Amino acid sequence: MPEVGNAIPHESAAGHVTGTAAYLDDLPRRERELCVVFVGSPVAAGRLKQIKGLDAAKATPGVRCVLTHKDLRGPNNFGPILSDEPFLVEDELSYIGQPVVVIGADTSEAAVEARGLIELVCREAKPILTIDEAIARESFIGPHRHMFSPGSEDDQLFQAAFDKAPHTIAGRFRSNGQEQFYFETQAALAEPCEEGAVRVISSTQNPTETQVVVAEALGLGMHQVVCECPRMGGGFGGKETQSALTAVMVSMVATTTGRPARLVLSRAVDMAITGKRHQYQCDYRIGFDAAGRILAAEFAFHSNGGAFADLSTAVLERTMLHADNAYSIPVMRVTGQVCRTNLPPNTAFRGFGGPQGIAAIENGIEQVAAQLGIDPLTVRKANLYQDGVAGRQQTHYGQIVRDHVLDEIFEQLAESSQYERRRGDIEKFNASSATQAKGIALSPVKFGISFTTKFLNQANALVNVYTDGTVQVSTGGTEMGQGLNTKLKQIVADEFGLSVDRVRLMTTSTEKNNNTSPTAASAGADLNGAAAVNACKKIKRRIREYAATLLANVEKGFVASPEHIRIEGGMVFDDRDLDPRARLEFGEFCGIARRDRIDLGARGFFATPGVDYNRETGRGNPFFYYTTGAAVAEVTIDRLTGELVFDRADLLMDVGKMINPGIDRGQVIGGFMQGVGWVTNEELLFDDSGRLLSTGPTTYKIPNITDLPGTFHVDFIANTKHVKNVRLSKAVGEPPLMLGLAVWLAARDAVAAVAGGKPFELALPATGEELLMTLTKLSVPSEPRGTKPSVNGAPTNGAGASKSAARRR
Amino acid sequence: MPDRFSLEVNGQAHSVETDAQRPLLDVLREELSLTGTKYGCGEGACGACTVIVDGEATRSCITSIAEVDGRRVETIEGLASGVELHRVQQAFIDQSAMQCGYCVPGQIMNAVALLRTEPQATGEQIVEAMDGNLCRCCNYRNLRAAVEQAAGR
């Protein structure tokens, strides 16, 4: 029986429910293990003048080392793209909590006492905290990026397309960040090994990068560093690069003292010093016709990158690549710039910039519909990518969107959710209620699958078959709850025709899998699954060749023929020989094969074919394929308090042939609800000094069980046109998060009902406060709409804006 | 000065010499090596550290060792009898009520405490009782289904 396609439980399910699945802090204390703490910058910007109390800290009983940047053996900078971030502050202070001094001690009490003795003397400067401040002070990271649809590089041609549009809108849309809030905080344990080497066990999505960074910081060769990750209690992108800092700190302490060292961040410290989903600002203008067909659009993005580059430029790139979402827009200009501010460097978070790009155009679609006085669903349908239809399938970066079922998704979902009927009911409700407003929205997602940095689209896998017919699999992929290891287990079991209980996934380690990519971009199962299949194929070829000779039966006329060897149902046999005694049990066969010196282990490699993208021109085929879907959400807003009630959600996704339907369903529901958190209640708050105020669950609201919608339908659509990727599956980790936007759009729709045609911008998240303020503004008799903010870096279409104002109902 | 405290954990008597203000969570994890109970926030607001004290679901990160002196504590490690899982544990597996799994021990202990007082808890009672146990994977639908299954719904 095939294992792929079965909804088997998560491979660690039994460990999870008994408390025996160990996360980093659960690993047994090592002999003479040290506790690590650090001293962080008290200010968001300024200069470090002096560190007082270092000697006193060192003299504290139980303290084994007090380290500063001077104790690094390699260059004091790192970063996955620009390498602009110091491990430990030398001079310039860039955000509150930025590590300056690292302390290793026998006990946490001693470490904390030593930390209290250290005083950082700083000359404080005025920090840059917002995108506006960064633009004003030209504080940027990386170049100003452009992505133009063919022909729109030319300013005049682009403007002409815009001027031809019968209708235009323009505005500025803001979306806020989001805290990862992985339940297991950043954590690492380092053990000194022989000959100066070090073993780092880290809660990381990126063991290879951890290995590289630790080796550089300590002045070691990569061969002297091993990084392992047993599992994570959640990652969501937050442990793609930012797990490196804790890993470096414990490794410094371990190599300095010759003792194991562990650091597990407290929730408050983790939230205060680690990066989040980027806050964005988008100036946009859209030209369209009376049917709602978008003729030209421009999106100018600015993201708040925080103090260092981290992954911000790649995140911005994905934003720009998703500003079309599921819509074919003939003339499209997208620009982007990362802003450098004095907040902790923002980083990867499920969706990786995609959500902010998609939010921008979906907000635009609502405005287009409002101006025309038509249902936003009509506008969405009018602009959807059409498979195989010339002029309706090319993205602004040049890739053809093919083999999708967006039309069918819209049709089926509108039908199953009874969108039209409910739209009518909601209109009636809104007309009759003075205290509540309802809204509904159907919004799609089209998410590009692949790292947009080409070289990262590779993976290797090590498959070892033992003489009892059981199998161990090791890949560079890390398990953070997404079910990667469970899927890999099913894939490998099927390759050998075994049941899943005979396959085991091993701890991720750079010792077994070298030069691997982070488990990110939703591509963990795609890349590692394909690499594992390739490893299995090598072993199976050897098995077939050997079995052909072993099972050949001259008397029956069966000459050795590898093509006739089958490896299935736990057996190895020649399919011409119907005698059951001529079949060998897989384990028995493996024992025989080993005694005949057949190699039953192999390493497989996979590199995604056909992905190529030119960052300079902003054109190419960055994605192997797209995962698509749509959601309908309905909400009720209390007009007097701004309180939002999430009434109903209907989700429909194309995730290809599911390797594990239970896991995929969980990813869809969980990703969606995490997106709902981003667009409704999760609000990061910083004070004027750059200090995060929302540093725990009492001050930062992530969704809980009561946030589930009253009615919740989740379904999948078949797509026979999708004929690539491992076992014809599709990536599922990130795409459903963007379906959460349907809830924000429904909230916007409810506000629009109150607005009665007045234009307005609703910020994201639509917290109760934001909704109430927007409703309050709309209830005050409005002044004539003034000039819209200019589109940064592009000429302002003043005429377009006033034209739109004139057409306002 | 450290004091000495006696408590029963999963049916076993323990005597611990430690600071009176030390959180029960730290004692369980660091003194008794019971690492199934997790640290989530340290402010009693996420539910990851939930254990049962004298029958009541309790946040062990904001409960001092002094508060449980002489009392009976149950943790995730004590739930199964041998290889046989508690029905709530089994329901969590059946309903795939885990993704990263980190919040699961706390969720289960809270659900067990609920079902001891309300063996056939209604959907509403379940949601009300579970609303303080956060899950960042937002796997709430399956979590709800698991507790409903254990409640015979």
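Conventions and cut-offs
Residues numbered from 1 in each chain as written. Chains lettered and ligands numbered in written order. Predicted model: local features only at pLDDT ≥ 70, side-chain atom pairs only at ≥ 80, totals over all residues. UniProt positions renumbered as here; feature names shortened; annotations may be inferred. Helix = DSSP H or I, 4+ residues; strand = E, 2+ residues; numbered from the N terminus. Buried ≥ 20, exposed ≤ 12 C-beta atoms within 10 Å, placed from the backbone. Contact = placed C-beta atoms within 7 Å. Pairing = 2+ DSSP bridges. Axes fitted to C-alpha atoms, helices over the stretch in contact; angles between N-to-C directions. Nonpolar A, V, L, I, M, F, W, Y, C, P; charged D, E, K, R; others polar. Domains from an automatic or database assignment. Parallel < 35°, antiparallel > 145°, perpendicular 65-115°, else oblique. Left-handed = near helix turned anticlockwise from the far one by under 90°.

An unreviewed UniProt entry annotates chain B as (2Fe-2S)-binding protein originating from Aeoliella straminimaris.

Going by an unreviewed UniProt entry, chain A carries the name Xanthine dehydrogenase molybdopterin binding subunit and comes from Aeoliella straminimaris. Its UniProt record gives chain A a comment under Sequence similarities (unreviewed entry), which states: "Belongs to the xanthine dehydrogenase family."

**Student:** I would appreciate a short explanation of the environment of Ile96(A) in the present structure.
**Tutor:** Residue and element names in this part refer to chain A. With respect to the helices and strands, the residue Ile96 is situated in the loop between strand S4 (92-93) and strand S5 (99-105). The class of Ile96 is buried, set by 24 C-beta atoms lying within 10 Å. Along the primary structure Ile96 and Leu692 are separated by 596 residues, whereas in three dimensions their C-alpha atoms are 8.6 Å apart. Once residues lying within four places of it in the same chain are set aside, the contact partners of Ile96 are Ser41, Pro42, Val43, Ala44, Ala272, Gly690 and Arg691.

**Student:** Just checking my understanding: could you explain the sheet that holds strand S27 (residues 625-638) of chain A for this structure?
**Tutor:** By way of backbone hydrogen bonds, the strands of a sheet pair with one another, either parallel or antiparallel. Residue and element names in this part refer to chain A. The strand order across the open sheet built from four strands is S16-S27-S28-S29, with neighbouring strands paired in mixed fashion. This sheet does not close on itself; its edge strands, each paired only once, are strand S16 (436-449) and strand S29 (711-716). Geometrically, the sheet is characterised by an average inter-axis angle of 15° between neighbouring strands, direction not taken into account. Note: S16 against S27, 14 bridges, orientation antiparallel.

**Student:** Looking at this structure, how should I read the UniProt feature "domain: Aldehyde oxidase/xanthine dehydrogenase a/b hammerhead" (unreviewed entry) in chain A?
**Tutor:** Per the UniProt annotation, the sites labelled "domain: Aldehyde oxidase/xanthine dehydrogenase a/b hammerhead" (unreviewed entry) are residues 18-126 of chain A. Helix makes up 16% of residues 18-126 of chain A and strand 31%, and the two end C-alpha atoms of the span are 51 Å apart.

**Student:** Just checking my understanding: could you explain the interface of chain A and chain B for this structure?
**Tutor:** Interfaces are often described in size by the accessible area the parts lose on coming together. Taken together, the 42 residues of chain A in the interface contact 39 residues of chain B. Listed by contribution, the elements that provide at least two residues to the side of chain A that touches chain B are helix H1 (13-18) and helix H17 (661-679) of chain A. If you tally residues by element for the side of chain A that touches chain B, the top one is H17(A), at six residues. Among the residues making up the side of chain A that touches chain B, the classes are represented as 20 nonpolar, 19 polar and three charged.

**Student:** Is there a simple way to explain the domain arrangement of chain B in this structure?
**Tutor:** Residue and element names in this part refer to chain B. Domain annotation of chain B identifies domain 1 (3-78) and domain 2 (87-150). Spacing between the C-alpha centres of domain 1 and domain 2 amounts to 21 Å. The partner domain 2 presents 13 residues to the 14 residues of domain 1 that form the contact. Looking at the side of domain 1 that touches domain 2, the elements with two or more residues in it are strand S3 (50-53) and strand S4 (56-59). Of the residues assigned to the side of domain 1 that touches domain 2, the class counts are seven nonpolar, five polar and two charged.

**Student:** Please clarify how the domain arrangement of chain A should be interpreted in this entry.
**Tutor:** All names here are of chain A. Split into domains, chain A comes out as domain 1 (13-17 + 33-126 + 181-273), domain 2 (140-178 + 276-451 + 618-807) and domain 3 (458-516 + 524-607). Just the C-alpha atoms count here: the centres of domain 2 and domain 3 sit 44 Å apart. Domain 2 puts 11 residues into the contact, and the matching count from domain 3 is 11 residues. The residue makeup of the side of domain 2 that touches domain 3, split by class, is five nonpolar, five polar and one charged.

**Student:** What exactly am I supposed to notice about the packing of helix H18 (residues 741-755) of chain A against helix H19 (residues 768-779) of chain A here?
**Tutor:** Working note: a packed helix pair is described by the angle between its axes plus the distance between those axes. Residue and element names in this part refer to chain A. Orientation of H18 relative to H19, taken along the N-to-C sense of each, is 20°, at an axis distance of 10 Å. Taken together, the axes of H18 and H19 are roughly parallel relative to one another. Between H18 and H19 the crossing geometry is right-handed. Counted together, Ala747, Val751, Val754 and Ala755 of H18 and Leu771, Thr774, Leu775 and Leu778 of H19 form the full contact between these two elements. For the contact of H18 with H19, the residue count by class is seven nonpolar, one polar and no charged.

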